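Close look at the chain arrangement
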Amino acid sequence: MDATQTKDMYTEEFLINMGPQHPSTHGVLSLELKLDGETIRGCTPHIGYLHRSMEKIAENRTFTQFIPFTDRLDYVASMNNNLGYVMAVEKLLNLEISERAKYIRVIIAELNRIASHLIATGTFAQDLGAFATPLFYCFREREKIVEIFDQICGNRLTYNYMRIGGVMADLSGEIIEKIKEFIEYMRPKIDDYDELITYNVIFLARSKHIGVLSKEMAINYSVTGPNLRGSGVKWDLRKDEPYLVYDKLEFDVPVGENGDAWDRYKVRIEEMRQSLRIIEQAIESLPQGDVTVKVGRVHKPSVSETYFRTENPRGELGFYIVGDGSVYPYRLKIRSPSFSNLAVLPELVKDIKVADIVCVLGSFDVLMGEIDR
Amino acid sequence: MKKMRPDEISAIIKSKFPQVTEEAGTNYIIVPKESILEVSQYIKNPPLALDNLHCITGIDRKEKIEVVYTLYSIGEHHGVTLKVNLTLEDLNVASVSAIWKSANWLEREVYDLFGVIFSGHPDLRRILNPYDWQGYPLRKNYSNPDFIAKPRM
C-alpha cells in the first residue's frame, strides 16, 4: 500500500466496503473500494449473495417446470426472460408457433421493456439525488403496465406467461383497448421525463462525461443492450438477428455518442419511444388464430444442443441448452446480460470520485437476480 | 466483408489449423486444448473478426468436461462455437482472457462450477459460490446434504 509522509500529516490508501446492504448497489452487490481520500484507486466486485444455483435446479426439472424459475432471474423483466427461455426450447424442439402468438409475444415483451426501463430511469435519477419525485412518476406509469399484466396472467411481478408452443392466454379485446390507452397515456409522459430529468442542469452535470465506455472496450467485455448502444455501437438483436416478427415492424435503434452515463440513460428513454411504436404496429397487424400449438405437456428433445439469445431490456440473454433425449435438460446455461455488463465496472471507476461510482453503477442498470442466478 | 455461414467459417479455420476438427452433424468446432490460444488469436482478427466472446459454458459429460466458447462478430453478423474437450485427469486449459476481456468473469464461473483450471488467468477465484466452498456444484457427481435431487419421471 502506498504511504506518503508529509510534514505533519500521514496519509495512506484504505479499503472500504460498499454493500452488500446499500441502497445504491441495486441489490446485494458488494464493492470493495480502495480509496485515496475521495478518489477510487481500485474496485473489486463481490457477487453471489443471491446465488440459487438455478442451472443445477434446471437439471432436475422438466422443460415446462423450469419456466417459473426464469421469472426469478431478471425479476423486473420477467416476461422477457420467459420469452428467451421458451424460444430457446422451441429452437431445440424445432417447434414453429402461430402468427398470433408471435405478435402477442412481441407486444408483451415490449411492454415489459418499457416497465423495466422505467425502473432504470427512476432509480438512476434517484441515485443522482433527484429524491423520490422521478421515481414515483416512473412507478406510476409502470403500475399501468403491471395492471395490464395482472389482467392477462394474474400476476404482478413473476408472470409465468409464456409457454413452450405459444402463450398462456389470449389477449381479449378489452386488454387490447387498455394497451392502446396506455400508449396514448405514455407518449407525453416520456416528453415530461425529458423536461424533468434528461436536460436538467444538475442531472447533466452529474452524468455527462462520467464512466465513459469506449466502443472497443464495450465489445471486448461483451457488454450488450442499452449499455453497448450508449457507446455508439448500432447493434440490436431485434434488428440484426430478428426473431419473432421484429423484421416486419418498423423501429429505430437509438445510439449514444460518447458512451458516458448520460448516453446510456438517454438510449433507454429513446428505446421506450421505439417500444411504443412497435406495440402500436403489432396491435394494428395482430392476426386472428390460436395462441398455442398442440404440444404435449412434457417435451422430449432429441440428443442435441442449442444456443439462443434474445434482446432483453438489460442486454442479450442467452440460453445454452443441452438435451439428452429425456424430459429433463442435461445442462442449461444462462448467459445473463448484467453479468457481463458488471464485469466492466472496475475499469470505469478508476480515478473517479466515490459519489460518481453510484452514477456509473446506476447507468449500467444491473440486476443482481440474474447475475447471481 | 459479408456475413458468413457456419460451414464457411469452419472451412476457413480448418484450412488454417489442420488439427481442428468438426463435431459430427453440427458446425461446432473442436479445438485441441493446446491450440486454443493460437486459434483464438487468429479468429479475433479479420477476416473472421469474432470480436465478441458471448458466453463460456462448461458441460460435464461424465467421462470428460467440455468447455464451449460461443463467439459472435458485431461487425460481420456471424458467429461460431468452439469446443475444448478436457479429460478429468487434466482439467487445465489456457485462459483467453488476454484476448477477450469478457472471458475473465466467464472463466471464473466455469472454474467455480466445474473446477476447470484456466492457466494464465489473472484472477482465478470462485465467483458465485463462497470463496471457501468445497466441490464443484455443476459436476454430475456432486453431492451435498442440502441438495436433494427430485424423483425422476
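Note that the structure is predicted; figures quoted are calculated from it, not measured. (Residues numbered from 1 in each chain as written. Chains lettered and ligands numbered in written order. Predicted model: local features only at pLDDT ≥ 70, side-chain atom pairs only at ≥ 80, totals over all residues.)

**Remarks on the pairing of strand β9 (residues 315-324) of chain A**
Residue and element names in this part refer to chain A. The cut-off we apply is this: Here a residue counts as buried when 20 or more other C-beta atoms sit within 10 Å of its C-beta, as exposed when there are 12 or fewer, and as partly exposed otherwise, the C-beta atoms being derived from the backbone. Going along the chain from the N terminus, every DSSP run of H or I of four or more residues is numbered as a helix, and every run of E of two or more is numbered as a strand. One requirement defines pairing of two strands: DSSP has to find at least two bridges between them.
Counting buried positions along β9 yields nine of ten residues, so the element is predominantly enclosed. Hairpin connection between strand β8 (residues 303-312) and β9: a loop of two residues separates the two successive antiparallel strands. Where β9 folds back onto strand β10 (residues 329-335) in an antiparallel hairpin, the turn is made up of four residues, including G325, whose phi is positive at roughly 90°.

**A short note on helix α6 (residues 173-198) of chain A**
Residues and elements named next belong to chain A. Counted only if it meets this: Multiply 1.5 Å by the residue count of a helix minus one, and that product is the helix's expected span. Throughout, bend refers to the angle between the axes fitted to the seven residues that end at a position and the seven residues that start at it.
The end-to-end C-alpha distance of α6 is 36 Å, a good match for the 38 Å that 26 residues give at a rise of 1.5 Å each. The sharpest bend along α6 reaches about 25° and sits at M186, with the proline P188 one to four residues further on. When we look at burial in α6, the residues that qualify are I179, M186 and I197.

**A look at the pairing of β8 of chain A**
One ladder, built from ten bridges, connects β8 of chain A with β9 of chain A; its direction is antiparallel. Note that in β9 of chain A the partner of S304 of chain A across the bridge is G323 of chain A.

**Observations concerning the interface of chain B and chain A**
We apply this condition: In this description, a residue-residue contact is defined by the distance between C-beta atoms placed from the backbone, which must lie within 7 Å. Asp, Glu, Lys and Arg are counted as charged, while Ala, Val, Leu, Ile, Met, Phe, Trp, Tyr, Cys and Pro are counted as nonpolar; the rest, among them Gly, fall into the polar class.
Facing 25 residues of chain B, the contacting portion of chain A comprises 26 residues. Those elements that provide at least two residues to the side of chain B that touches chain A are β3 (52-60), β4 (64-72) and α3 (103-114) of chain B. Take the side of chain B that touches chain A: its biggest share by element is six residues, from β3 of chain B. In the side of chain B that touches chain A, the residues fall into 13 nonpolar, nine polar and three charged.

**Quick notes on the sheet that holds strand β5 (residues 39-46) of chain A**
The strands making up a sheet associate through backbone hydrogen bonding, with each pair oriented either parallel or antiparallel. All names here are of chain A. Applied cut-off: Think of each axis as a best-fit line through the C-alpha atoms, taken over the contacting stretch in the case of a helix, with angles from 0 to 180 degrees between the N-to-C directions.
The sheet built from three strands is open, its strands ordered β3-β4-β5 with antiparallel pairing. A strand with exactly one partner marks an edge of an open sheet, and here the two such strands are β3 (14-18) and β5. For this sheet, the mean inter-axis angle between neighbouring strands, taken without regard to orientation, is 25°. Relative to β5, strand β4 (residues 30-36) is paired through seven bridges, and the arrangement is antiparallel. Counterpart to S30 in the pairing with β5 is H46.

**Quick word on the packing of helix α5 (residues 133-153) of chain A against α6 of chain A**
Helix packing geometry: the angle between the two helix axes and the distance between the axes. All names here are of chain A. The following threshold applies: Roughly parallel here means an angle under 35 degrees, roughly antiparallel means over 145, roughly perpendicular means 65 to 115, and every remaining angle is called oblique. If you view the pair so one helix is near and one far, a crossing is left-handed when the near helix is turned anticlockwise from the far one by less than a right angle, and right-handed when it is turned clockwise.
Closest axis-to-axis distance for the α5/α6 pair is 11 Å, and the angle between their directions is 165°. If you check the angle between α5 and α6, you find them roughly antiparallel. Crossing hand, α5 versus α6: left-handed. Along the contact surface, α5 presents P134, E141, K144, I145, I148, Q151 and I152, while α6 presents I175, K178, I179, F182, Y185, M186, K189, L196 and I197. Looking at the contact of α5 with α6, its residues break down into eleven nonpolar, one polar and four charged.

**Brief notes about the nonpolar core**
Within soluble globular proteins, side chains that are nonpolar tend to cluster in buried spots. To keep things clear, this is the line we draw: Residues of type Ala, Val, Leu, Ile, Met, Phe, Trp, Tyr and Cys that are buried and joined through C-beta atoms within 7 Å form what is called a nonpolar core.
Counting 136 residues, the largest nonpolar core has I107, L345 and V360 of chain A together with V67 of chain B as its most contacted members. Considering every element that reaches this core, the biggest residue donor is helix α4 (residues 99-127) of chain A, with 14 residues. For I107 of chain A, the contacting residues outside a window of four places in its chain are I179, I279, A282 and I283 of chain A.

**Thoughts on the confidence of the model for chain B**
Do not read the fine detail of predicted coordinates wherever pLDDT is low. Selection criterion: Looking at any residue, its pLDDT shows the predictor's confidence there, from 0 to 100.
Residues of chain B with pLDDT of at least 70 account for 99%, and the chain-wide mean is 87. ipTM for the predicted complex: 0.90, alongside a pTM of 0.89.

**A look at the sheet that holds β10 of chain A**
All names here are of chain A. An order of β8-β9-β10 is seen for the three strands of this open sheet, with the pairing classed as antiparallel. Each edge of the open sheet carries a strand with a single partner, namely β8 and β10. Across this sheet, the average inter-strand angle for adjacent strands is 10°, counted without regard to direction. Sheet strands touched by helix α3 (residues 78-93): β8 and β9. Its angle to β8, the strand with the most contacts, is close to 150°.

**Observations concerning the environment of D324 of chain A**
Residues and elements named next belong to chain A. Within the secondary structure, D324 is located in strand β9. Residues D324 and E305, 19 residues apart in the sequence, show an inter-C-alpha distance of 8.6 Å. Those residues within four positions of D324 in sequence are excluded, and the remaining contacts are V303 and Y330.

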